[in-house]
Amino acid sequence: MTSIQRIGILTSGGDCPGLNAVIRAVVKCANRRGWDVIGIPYSTDGFMQVADGQYDPEHLLLTDHGYDIPGILQGLDVLQFLSGTILGSLSKSRFDGPDQVSKILAGYEKLNLDALIAIGGDGSLDIIYDLAQRGGWNLIGIPKTIDNDVPFTEKSIGFNTAVQTVNSALYDLTFTAASHDRVMVVEVMGRDAGHLALHGGIAGGADVILIPELVPNLSPLVITQICQHIADLRQRGRKFALVVVAEGVHGEDGKPQHLIGEALATAIADRSRTLCQTGDTAYCDMDRVETRAMVLGHIQRSGIPTASDRLLASAFGRKAVDLIAEGRYNRLVVWEAGRVRSKDLSDVIATVRECHLRGICPSPVETDSTMVKVARSLGIYVGDPDTLPDPKAVMQEVAAIAQPSY
Ligand code: F6P
């Protein structure tokens, strides 16, 4: 086993709360072993700039004591409370040709790194993994994403804070919705996964939660069932409703739709009036249903990282450093059944690539998961299992692809 002197760390893909807490944990654990940690600015861009001579590698050294705002913030311990990333990130790779790949590899060589820790989501880890294969890098991945859709890990950095943000938004919207007897439709991020909408929606007291795994698109039947659910609430004296829709739910035509929340709000208002016109007494006051839509947007990627995310960040950072100390490379740090473990990164990336090729989410909400059952038991409308197409087939497809080796 080679003795470690210097490791690199970078953040890649969209930011999320908790990244600085991971950086802090890695720096602390590595420094205690006597290793230097080099922070790569803006992910792969940083390597290109190093290759171009724009950075003196010694200036990229991360220590526990930098980043002081005089008199207020002292070192990385305080920075762990801030979201974003002190290293900067890239949400899309800015390299395409072989020249840029060579430059990235040259930048890596110039830094004299014994190993690299990349904090990323499925897409960005795929890119870094590819570079690592070409350059023979000793790579460790740490999963981060508010979407919680990295395969083989139950938790990713940032998800818990984003759930808290959705929960807080629903709490805040409850009072204005109640004051005007309105149906508030909240569009939540998550790409093609429904984890964030489902967890945030349950925690925040949503009456309806639509996620792509259970309600792939806004079919006329789904809209009618939502209106029936709202009518039922109104009959029982609850005049307002909170509706959460994941951005990955498609429009009526089955195609991705920009501002799906807005489309849903309009559809609910229109169908409510139609139902009222049927003369059925169950829908007698549905002509009064007023809807408003909001897109929660990038606020879900910000906010003070929750204690839970900072704990995960600490545990993941420590594990990444331990793996390097053990000489176990090409691993993804994961959370599994209450423990931090690691999985072969090649298996993870193979799963991601195969799922993306087939246009399916690599780590969807399981349709019979505990939280889906909880939602149904609480009387939250999450789609009708009897009348909707069974998306379990997708889970089976993912399960057939995803065969982790330890
Ligand atoms: O993957 C994280 C995420 O926030 C998704 O939930 C969202 O669809 C996407 O990134 C937004 O990306 P961007 O910041 O590039 O618009």
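Residues numbered from 1 in each chain as written. Predicted model: local features only at pLDDT ≥ 70, side-chain atom pairs only at ≥ 80, totals over all residues. Heavy atoms only, no water.

1. Some points on the environment of Ile-268
And step 1. Summarising the element assignment, Ile-268 is placed in helix H9 (residues 260-277).
And step 2. The class for Ile-268 is buried, based on a relative accessible area of 0%.
And step 3. The spatial distance from the C-alpha of Ile-268 to the C-alpha of His-195 is 23 Å, given a sequence separation of 73 residues.
And step 4. Setting aside chain neighbours within four positions, we find Ile-268 in contact with Val-183, Val-185, Ile-223, Ile-226, Cys-227, Ile-230, Val-243, Val-289 and Thr-291. (Helix = DSSP H or I, 4+ residues; strand = E, 2+ residues; numbered from the N terminus. Buried < 20%, exposed > 50% of the residue type's maximum accessible area, 1.4 Å probe, protein only. Contact = heavy atoms within 4.5 Å.)

2. Examining the packing of helix H4 (residues 98-110) against helix H5 (residues 122-135)
And step 1. At their nearest, the axes of H4 and H5 sit 10 Å apart, and the two run at 70° to each other. What the angle tells us is that H4 and H5 run roughly perpendicular. Side by side, H4 and H5 meet where Val-101, Ile-104, Leu-105 and Glu-109 of the first sit next to Leu-131, Arg-134 and Gly-135 of the second.
And step 2. Looking at the contact of H4 with H5 residue by residue, the class counts come to four nonpolar, one polar and two charged. (Axes fitted to C-alpha atoms, helices over the stretch in contact; angles between N-to-C directions. Parallel < 35°, antiparallel > 145°, perpendicular 65-115°, else oblique. Nonpolar A, V, L, I, M, F, W, Y, C, P; charged D, E, K, R; others polar.)

3. Things to note about the packing of helix H2 (residues 44-51) against H4
And step 1. Across the interface, H2 lies against H4 with an axial gap of 7 Å and an inter-helix angle of 75°. Here H4 runs roughly perpendicular to H2, going by the angle between their axes. Contacts between H2 and H4 involve Thr-44, Phe-47, Met-48, Val-50 and Ala-51 from the former and Gln-100, Lys-103, Ile-104, Ala-106, Gly-107, Tyr-108 and Lys-110 from the latter.
And step 2. Tallied by class, the residues present in the contact of H2 with H4 amount to seven nonpolar, three polar and two charged.

4. Focus: the domain arrangement of the protein chain
And step 1. When cut into domains, the protein chain gives domain 1 (6-158 + 305-358) and domain 2 (162-301 + 366-402).
And step 2. Each of domain 1 and domain 2 has a C-alpha centre, and the two are 35 Å apart.
And step 3. The partner domain 2 presents 15 residues to the 16 residues of domain 1 that form the contact.
And step 4. For the pair domain 1 and domain 2, the two sides together bury roughly 1300 Å², of which 56% comes from carbon and sulfur.
And step 5. Taken as a group, Ile-146, Asp-147 and Arg-358 account for 40% of the area that domain 1 buries against domain 2, more than any other trio of residues on that side.
And step 6. At the surface where domain 1 touches domain 2, the tally comes to four salt bridges.
And step 7. Seen at the junction of domain 1 and domain 2, the total is six residue pairs in polar contact (both at pLDDT 80 or more).
And step 8. The leading source of residues in the side of domain 1 that touches domain 2 is helix H11 (residues 345-358), at four residues. (Domains from an automatic or database assignment. Buried area = accessible area lost by both parts, 1.4 Å probe. Salt bridge = Lys/Arg side-chain N within 4 Å of Asp/Glu carboxyl O. Polar contact = N/O pair within 3.5 Å; in protein donor to acceptor, adjacent residues only side chain to side chain.)

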